[in-house]
Number of protein chains: 4
Amino acid sequence: MFFASDNSSGVPPEILAALARANAGYVASYGADPLMEEVRTRIRSLFEAPEAAVYLVATGTAANALALASFCPPWGAVFCHAQAHIAEDECGAPEFYTGGARLVPVEGAGGRMAPAALAAALARTGTSVHGVQRGMLSLTCVTEAGTVYDPAAIGALTALARAEGLPCHLDGARFANALVATGASPAGLTWRAGIDVLSLGGTKNGLMGVEAVVIFDPARAWEFELRRKRGGHLVSKHRYLSAQMAAWLEDGLWLRLAAHANRMGARLAQGVAAVPVAGLIHPPEANMVFARLPAAARARARRAGAAFYDLPGPPADAVRLVCSWSTTEADVDAFLGLVAG
Amino acid sequence: MFFASDNSSGVPPEILAALARANAGYVASYGADPLMEEVRTRIRSLFEAPEAAVYLVATGTAANALALASFCPPWGAVFCHAQAHIAEDECGAPEFYTGGARLVPVEGAGGRMAPAALAAALARTGTSVHGVQRGMLSLTCVTEAGTVYDPAAIGALTALARAEGLPCHLDGARFANALVATGASPAGLTWRAGIDVLSLGGTKNGLMGVEAVVIFDPARAWEFELRRKRGGHLVSKHRYLSAQMAAWLEDGLWLRLAAHANRMGARLAQGVAAVPVAGLIHPPEANMVFARLPAAARARARRAGAAFYDLPGPPADAVRLVCSWSTTEADVDAFLGLVAG
Amino acid sequence: MFFASDNSSGVPPEILAALARANAGYVASYGADPLMEEVRTRIRSLFEAPEAAVYLVATGTAANALALASFCPPWGAVFCHAQAHIAEDECGAPEFYTGGARLVPVEGAGGRMAPAALAAALARTGTSVHGVQRGMLSLTCVTEAGTVYDPAAIGALTALARAEGLPCHLDGARFANALVATGASPAGLTWRAGIDVLSLGGTKNGLMGVEAVVIFDPARAWEFELRRKRGGHLVSKHRYLSAQMAAWLEDGLWLRLAAHANRMGARLAQGVAAVPVAGLIHPPEANMVFARLPAAARARARRAGAAFYDLPGPPADAVRLVCSWSTTEADVDAFLGLVAG
Amino acid sequence: MFFASDNSSGVPPEILAALARANAGYVASYGADPLMEEVRTRIRSLFEAPEAAVYLVATGTAANALALASFCPPWGAVFCHAQAHIAEDECGAPEFYTGGARLVPVEGAGGRMAPAALAAALARTGTSVHGVQRGMLSLTCVTEAGTVYDPAAIGALTALARAEGLPCHLDGARFANALVATGASPAGLTWRAGIDVLSLGGTKNGLMGVEAVVIFDPARAWEFELRRKRGGHLVSKHRYLSAQMAAWLEDGLWLRLAAHANRMGARLAQGVAAVPVAGLIHPPEANMVFARLPAAARARARRAGAAFYDLPGPPADAVRLVCSWSTTEADVDAFLGLVAG
C-alpha cells in the first residue's frame, strides 16, 4: 500500500537482466557505447523523428534544467504552470542552469495551463529592455495534478508561444503514462503538437534513474552536450544508462508498465469516488489520484501501513496517491477497504 | 587488452548482486533509504570521522564541482595542478558550479604540485580587490600522471593553503588505488593531512557510476545538499547508489579491487620498462602507466586489439595505459608480448 | 510639464559646482579619494550607524542587485512586492547577481506588501531540499505605487522575515522622498526598523547617476566590495561619484530637493482629485501620482507638450505622473489646466 | 609628478562644459537622449562602420566583460595575454558575465601575444566535449606593458582565431593612445584587422567614467543591451555619459589628449633611458613607461612627492610610470631631475 511516489518503486526484472547483460567486457564510455546507438535509433523511430538528438541523464531535474538552458537565454522568462515540478521541486535548478532565467507561473485548473492565462502572461512580459524577455514555454504531461493534455491542448498552448518565436519544452517525467492515457502517438504528443524538446522520464516508470532528453531540432545538440558535461551529467559508464533505456523501450515494456500504473490509478480513483466520506479533487487521468480523505480514514490507512502524502489545501483533507508499475490490485483494494472504514 | 580507461570496465558480481537485493519493495527516495544510513556509518568509521557528512552522486565531475562550490566563493581562485581533471576534463564544471571561480594552474613534476610553485601562486593571488582572491586548494591523488602523494606530501601543500585560511579538496577519483599504493589510512590521506572535503571515487574502481563526497566539516553539509539538488544530482531512487557503495565498502572489496588494479599496473610497468624500445615517463605508483612506445609497437598492439591513448608530447611517443579491477595478467602479458615485438 | 520620470531631470547647480571643484589635481582612484571619506562619515552620522559600510555605484539596479547578492544565496527566495523594481524593471539583474535566486512576489494593496501575504509566502517556501529556500526580504520605500511605509510598517514586515533568520533590504531609490513623507529619521526608517542593507538613491533626486549602498552589518562589506568590482561597478575616477554624493548630503540639500518634489506631487494630486473626470488610484504620499485620466484629457495634455506614462490597467485610463526636484508650480498648474479641459 | 595611473587625472574643461550644457531641461533617459544619437553617428563615421552598434557604460571592466559575454559562451575559452587587464585586474568579471568562461593565458614578450603561442593554445583547446571549447580572442592595445600592436600584428592574431571561427575583442582602454602611436585609422586598428567588438576607453584619457562598446556586427546588439541592463550598466540619466563622449570625440579632442599623453610618455622614457642608473624594460610606445629605477632614486622621487607603482619583478627595481592628458613637461622634467639624483 505504498502510494507516496512512483520513485519509491523498484525496477522490473527485465531491467536487472539488461544490466547484467550489459556488464560484460570493455565498452567505450561517455555515450559511445553501442547500446546508446540502439537507444537513439529506437527513440527516433518511435517518435518518427529521424533527425532528433537523444541524450540520457540520471535525473529528471537534470533533464529539465539542461533542456531549458539549451533553449532559453539567461534573461528569458520560462512560462510554466504554477505547480510545475521545475517551479516547485527542483530547488532552483532551472535558474542555475540557465544562468538566471525567471520562471513565470501561469495558472490553470487541474494542473493545466489555461491558454488565456498564458496569453496574458506573454503579453505582460518582455515589453522593453527593462524587464525579462519572453524566453520559453514549459508544459508538463502528465501534469502535477494527475491530469493530461491531449495533443490539441498542447498545440493550443505551443501555438501561443511559437507565435512569439518561443521554443517549447515538455516535462514528460510520466510521459509513458500520458501516452497511454491519451492514446496519442509519441510524435503526436510532442513535435507534431509544437514541442521542441522533451524530457522523457524513465525513472518513475520502472528504471533506476534514467531519463532521456529528445531534442527535435538537432541544431541545439552540441550545446546540450557541452551543458550536460559541464553540469556533471555526462556519465562515464554510460552503458548502464543505455542498457536500461534500451530494455525499457523494447517490445513496448515502457507502455505496458505505464498502462498498468494507469489501470491501478483508475481502480483506486473509482474506489475512492465511491467512498462516501472521500472525493476526487482532479479528474484522475493517469497514475495519480488527488482526493479528499478525512483524518480518520487517513489515520486508519496509515496504521495499517499505507503510505501517501497529505497536501496543503485547499481543499482540506487533500491527499496524493500515486500508483506505479509495481502497484498491485491487492494493494489498491486493501487501501480502499481501509479508507471505507 | 583494454588499457584505455578504467571507466570502460564493468562491475564485479558483488555489485550486480547488491543491486538485485536492493531492488525489493518500496524504499524512501532521495537518500532517505536505509542503505544510505549504512554507507554513512561505514564511511565515518573507515575515515575515523564520526561527524563527517557523506553524500552520493553519479559522476566524478559532479562530486568535484559540488565540493569546490561548497567551499570556494565565485571570486575565489582554485589552486590545482595544471593537468588536474577539474582543469582539463570537466568542460568548466568548476566554473559553472562555483559561479565563476578561476582555476589557477600550479606546476609540478610527475603530476604532483610543487610546494614552491603553490607558495608562489598563493603569493601572487588576491593582493587587492582588483584580482580574484585566494579561494581553495584542490589536489588529486592518484594524480593524473599515475603518481601518488603520501600523507606528508599532502600535508605540506595543505599547510601552505591553510596558512592563508583556504579549505582543501582532494579529488580521489582513484582514492582506493592511492590508499593501496601509499599504505596510508583513509584518515591519514585526508583530514589528518589537512583535507576538508574528499571526492571518493567508486566508478573507476568497480561501480556503475557512484561517487561519494565526504565533508569532514559538517557545517557545509546543508549547503552541499542544496547545491546537489539544484545541480540535478540528488537521485530519486537513491537506493541503487547506496547499494553499490555499501557493497563496495563491505569487507574491503574496494581495496581488493584497487590492489588488483595496482598490481596489474606494476606488472605492466615492469614489463614496459624492460622493453628496449619503450620506457616509463612517470614512476607508475598505482594503476596507470605513462610510457613511451614507438609507433611500430603501438600499431602492432592495436592491430591485435589493444586499446590505449596516445598522448600529445612531450615526450614523443607517449601513451597512457590504465589497468582496472578487471584487467587480467593474461591481458598484460599479451600486451607486453606485442610491444616487445 | 515633464512627469514621465524623475530620472529625466537634470541636476541642481550645487552638483555641477561640486564636480567642478572635485576636478582639480590628481586623486587616488577606486574609492580611496578623500571625498569618499567625507561621504562615509556623513552617512554614518546621518544614519546614527558608526560601523556602517558605505559604497557608491552609478545605478540603482547595481545597488539593488549587489545588495541582494551580498545577503542572499543562489538557492534563496527574495520576497518582494509583485510590482517591485527588482521584479519588474531590472531585466533579471537580481537573478544574475545572486547566481539564480528566485524572486517570490508578495501581494499587497497600494504597492505595500501585506504582512499576511508575506507570512503565507514564508510559510510556503523552503520546506525541504526540493524547493528554493527562504532567502531575503526586499521592501521598497517610496513604493512603486507612490505610497510609503512608515517605520512601524517596515518593522512589522522585517519582524516576520527576521523570525526566520532572513536579512532585509530596502530599495530606497526615492529614500529622501520617503524620509520627508514619513518624517522618520534615516535610522528609524532603516536599521531601527530591521533593515540590514539600504539602496540609497541619489539619481532620481538630483544626481547624475550616484547611488549609495549602506550596509549596517559591516561583516558583509568585503564581500560587497568584491561583488562590486566583479560586477564592473567599482568606478576608477570615483571622486566624481563622491563629490556629487557629498554635495547632496551637505546642509540637507537631499531633503530639500525631495521636499520640493513631494510638494509638487501633493499639488498635482490635489489638482487631479478636483478634476471631475479624473481620480486618484493610490493615495499619493510622496512625489508620484497615480491617477485616472480619460483619453481626451490625456490627448489634450500631450498635444500641449506634457509627458507621462499610461499604465496597463486595471483600472482603465491609469497614468503615472512623477514630480522631481526640478518640477515647477507652473508646470503643475499648466498641466492641471489642460486636464481640467 | 603623478605617474601612478591615468585614472587619477581629472577631466579637461571641455568635458565640464559639456556636462553643464547637457544639464538643461528634461531629456529621455536610458540612452534615448539626442546626444547619444550624436555619439553613435560620430563613432560610426570615425570607424567607417555605418552599421556598428554603439553603447556607453561607466567602467572599462563593464565594457570588457559585457563585450566578452556577448560573444563567448559559458563553456568557451577566452584567449588573452597573461597580463591582460581582464585576467589580472577585473576580479573575475569576465567569468561572472560570461557565466563561467575560462581565461586562457597566452604568453608573448612586451605585453604582446606571440602568434605561435596563440596557435599552440588554440590547438590544445576544445578537442572534445570534456574540455572547455575555443571561445574568443581578446587583445589589448595599448598593451599592459605600454607597447602597441600595429594593424598587421592584430591581423595576424585575429586571423588565427577567425580560422577557428572565433570572434575577436579589442580592449582599447587606451585606444586613442594606440591610434596616435600607430598612426592607424580607427577602422584599420579594429574591424579591418579582424576585430568584432571594441572597448573604447574614455576614462583614462580625459573623461569622468565613460567607455564605449563598439560592436561591428550589429546582430549582437540586442543581446548586448539586455546584458548591459541586467548587469546594472544601463544608466538612467544617460545624457551625462553621452555629453562627455560627444565632446571628447568632437574636433579630435580625444586624439589631442592622447597625443599629449604619448608625448609626455616619450619625454619621460627618453629621460629615463638617459639616466645611468635606470633603464627601460619595454619599448615605451604610448603613454606608459616601464623602467628600472634603483631604490635610492625611487625614494628620492617619492620624498619629493612623485607617485608611481613599483612592480613585482623580474626584473628587480621595476616601476610603471603613466602619463596622461594632464601631465606637464614640468612634471616630467622635475621627476627626471630627481631620478638622475
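Rules and cut-offs
- Residues numbered from 1 in each chain as written.
- Chains lettered and ligands numbered in written order.
- Predicted model: local features only at pLDDT ≥ 70, side-chain atom pairs only at ≥ 80, totals over all residues.
- Pairing = 2+ DSSP bridges.
- Helix = DSSP H or I, 4+ residues; strand = E, 2+ residues; numbered from the N terminus.
- Contact = placed C-beta atoms within 7 Å.
- Axes fitted to C-alpha atoms, helices over the stretch in contact; angles between N-to-C directions.
- Least-squares fit on C-alpha atoms with pLDDT ≥ 70 in both.
- Core = buried A, V, L, I, M, F, W, Y, C linked by C-beta atoms within 7 Å.
- Buried ≥ 20, exposed ≤ 12 C-beta atoms within 10 Å, placed from the backbone.
- Right-handed = clockwise from strand over helix to strand, strands pointing away.
- Domains from an automatic or database assignment.
- Nonpolar A, V, L, I, M, F, W, Y, C, P; charged D, E, K, R; others polar.
- Parallel < 35°, antiparallel > 145°, perpendicular 65-115°, else oblique.
- Left-handed = near helix turned anticlockwise from the far one by under 90°.
- Expected span 1.5 Å × (residues − 1).
- Arc of directions from axis to C-beta.

Novice: Give a description of the sheet that holds strand S10 (residues 309-310) of chain C that names residues and reports values.
Specialist: All names here are of chain C. Read from one edge to the other, the open sheet built from four strands follows the order S8-S9-S11-S10, with strand pairing classed as antiparallel. Where the open sheet ends on each side, the last strands, each with one partner, are strand S8 (279-280) and S10. On top of the sheet, helix H11 (residues 253-274) reaches S8, strand S9 (288-292) and strand S11 (318-322); it is set at about 10° to S9, its chief contact.

Novice: Hey, could you go over the relation of the copies chain A and chain C for me, with residue numbers and the actual values?
Specialist: Once chain A has been moved 0.0 Å along the axis and rotated by 180°, it coincides with chain C to within an RMSD of 0.0 Å. Here the copies are linked by what is in effect a two-fold axis. Among all residues of chain A, the minimum C-alpha distance to the rotation axis is found for Gly 100 of chain A, at 2.2 Å. The share of interface residues of chain A whose copies in chain C are also at the interface is 100%, consistent with both copies meeting through the same surface.

Novice: Talk me through the nonpolar core; I want residue IDs and the actual numbers.
Specialist: Val 214 of chain A, Val 214 of chain B, Val 214 of chain C together with Val 214 of chain D are the most contacted members of the largest nonpolar core, which totals 508 residues. Setting aside anything within four residues of it in sequence, one finds Val 214 of chain C in contact with Ile 43, Phe 47, Ala 52, Val 54, Val 197, Leu 198 and Leu 200 of chain C.

Novice: So what's going on with the pairing of strand S4 (residues 133-140) of chain D? Which residues, and what values?
Specialist: All names here are of chain D. Burial within S4 is extensive, with eight of its eight residues counted as buried. In this structure, strand S2 (residues 76-81) lies alongside S4, joined through five bridges in parallel fashion. Opposite Cys 80, over in S4, you have Ser 138 as the bridge partner. Note: S4 against strand S5 (residues 168-172), four bridges, orientation parallel. Bridge pairing links Thr 140 to Asp 171 in S5. At this point the chain moves from S4, through helix H7 (residues 151-163), to the parallel S5, and the crossover so formed is right-handed.

Novice: Let's hear about the domain arrangement of chain A: which residues, and what values?
Specialist: Interface size, as often reported, equals the accessible area lost upon joining of the parts. All names here are of chain A. Taken domain by domain, chain A holds domain 1 (13-251) and domain 2 (254-340). Between domain 1 and domain 2, the C-alpha centre-to-centre distance is 27 Å. Facing the 18 residues of domain 1 at the interface are 17 residues of domain 2. Broken down by secondary-structure element, the contributors of at least two residues to the side of domain 1 that touches domain 2 are helix H8 (175-182) and helix H10 (239-249). Looking at the side of domain 1 that touches domain 2 residue by residue, the class counts come to 10 nonpolar, seven polar and one charged.

Novice: Describe the relation of the copies chain A and chain B, with residues and values.
Specialist: Aligned on chain B, chain A shows an RMSD of 0.0 Å; the corresponding rotation is 180° and the shift along the axis is 0.0 Å. The fraction of interface residues of chain A whose copies in chain B are also interface residues reaches 100%, indicating that both copies meet through the same surface.

Novice: So what's going on with the interface of chain A and chain C? Which residues, and what values?
Specialist: Counting residues at the interface gives 14 residues for chain A, matched by 14 residues for chain C. Residues of the side of chain A that touches chain C, tallied by class, amount to six nonpolar, four polar and four charged.

Novice: Can you lay out the packing of helix H11 (residues 253-274) of chain B against helix H13 (residues 329-340) of chain B for me, pointing to particular residues and giving the numbers?
Specialist: Residue and element names in this part refer to chain B. Packing of H11 against H13 brings their axes to within 10 Å, and their N-to-C directions diverge by 15°. With respect to H13, the element H11 is oriented roughly parallel. Our pair here, H11 against H13, has a crossing hand that is right-handed. Facing H11, whose interface residues are Met 264, Arg 267, Leu 268, Gly 271 and Val 272, H13 presents Glu 329, Val 332, Leu 336 and Val 339. Tallied by class, the residues present in the contact of H11 with H13 amount to six nonpolar, one polar and two charged.

Novice: Any details on unusual backbone geometry? Residues and values, ideally.
Specialist: Each neighbour pair has its own omega, and for Cys 141 of chain B with Val 142 of chain B the value is -5°, a cis peptide bond. With respect to the element layout, Val 142 of chain B can be found in the loop between strand S4 (133-140) and helix H7 (151-163). The backbone of Glu 48 of chain C shows a phi angle near 50°, a positive value even though the residue is not glycine. In this structure, Glu 48 of chain C sits in the loop between helix H2 (34-46) and strand S1 (53-57).

Novice: Pulling in residues and values, what's your account of H7 of chain B?
Specialist: Taking 1.5 Å of rise per residue, 13 residues should cover 18 Å, and H7 of chain B covers 18 Å from first to last C-alpha, within 8% of that figure. The complete set of buried residues in H7 of chain B reads Pro 151, Ile 154, Leu 157, Thr 158, Leu 160 and Ala 161 of chain B.

Novice: Now, about the sheet that holds strand S7 (residues 211-215) of chain B: what can you tell me, with residues and values included?
Specialist: Residue and element names in this part refer to chain B. Ordered by their spatial adjacency, seven strands build an open sheet running S1-S7-S6-S5-S4-S2-S3, and the pairing between neighbours is mixed. Every other strand in the sheet has two partners, leaving strand S1 (53-57) and strand S3 (102-106) as the edge strands with one partner each. On average, adjacent strands in this sheet sit at an angle of 20° to one another, irrespective of strand direction. Two strands pair when backbone bridges link them, and strand S6 (residues 197-201) and S7 are joined in this way by five bridges, in the antiparallel orientation. Counted as the bridge partner of Gly 201 is Glu 211 from S7. This element, H7, spans S4 and strand S5 (168-172) of the sheet and lies at about 170° to S4.

Novice: Report on the packing of helix H3 (residues 60-71) of chain A against helix H9 (residues 221-230) of chain A, specifying residues and quantitative values.
Specialist: All names here are of chain A. Packing of H3 against H9 leaves a shortest axis separation of 9 Å and a crossing angle of 135°. Considering the angle they form, H3 stands oblique to H9. Between H3 and H9 lies a crossing of right-handed hand. Packed against H3, whose contacting residues are Leu 66, Ala 69 and Ser 70, the element H9 presents Glu 223, Phe 224, Arg 227 and Arg 228 at the interface. Its residues placed into classes, the contact of H3 with H9 shows three nonpolar, one polar and three charged.

Novice: Tell me about helix H13 (residues 329-340) of chain C, and name the residues and values.
Specialist: All names here are of chain C. With 12 residues, H13 extends 16 Å between its outermost C-alpha atoms, agreeing within 8% with the 16 Å of an ideal straight helix rising 1.5 Å per residue. Regarding H13, the residues found buried are Val 332, Phe 335 and Val 339. An end-on view of H13 places all buried positions within 70° of arc, on one side of the element. Across H13 from its buried face, at more than 90 degrees, point the exposed residues Glu 329 and Ala 330. Packed against the buried residues of H13 are H11 and helix H12 (295-303).

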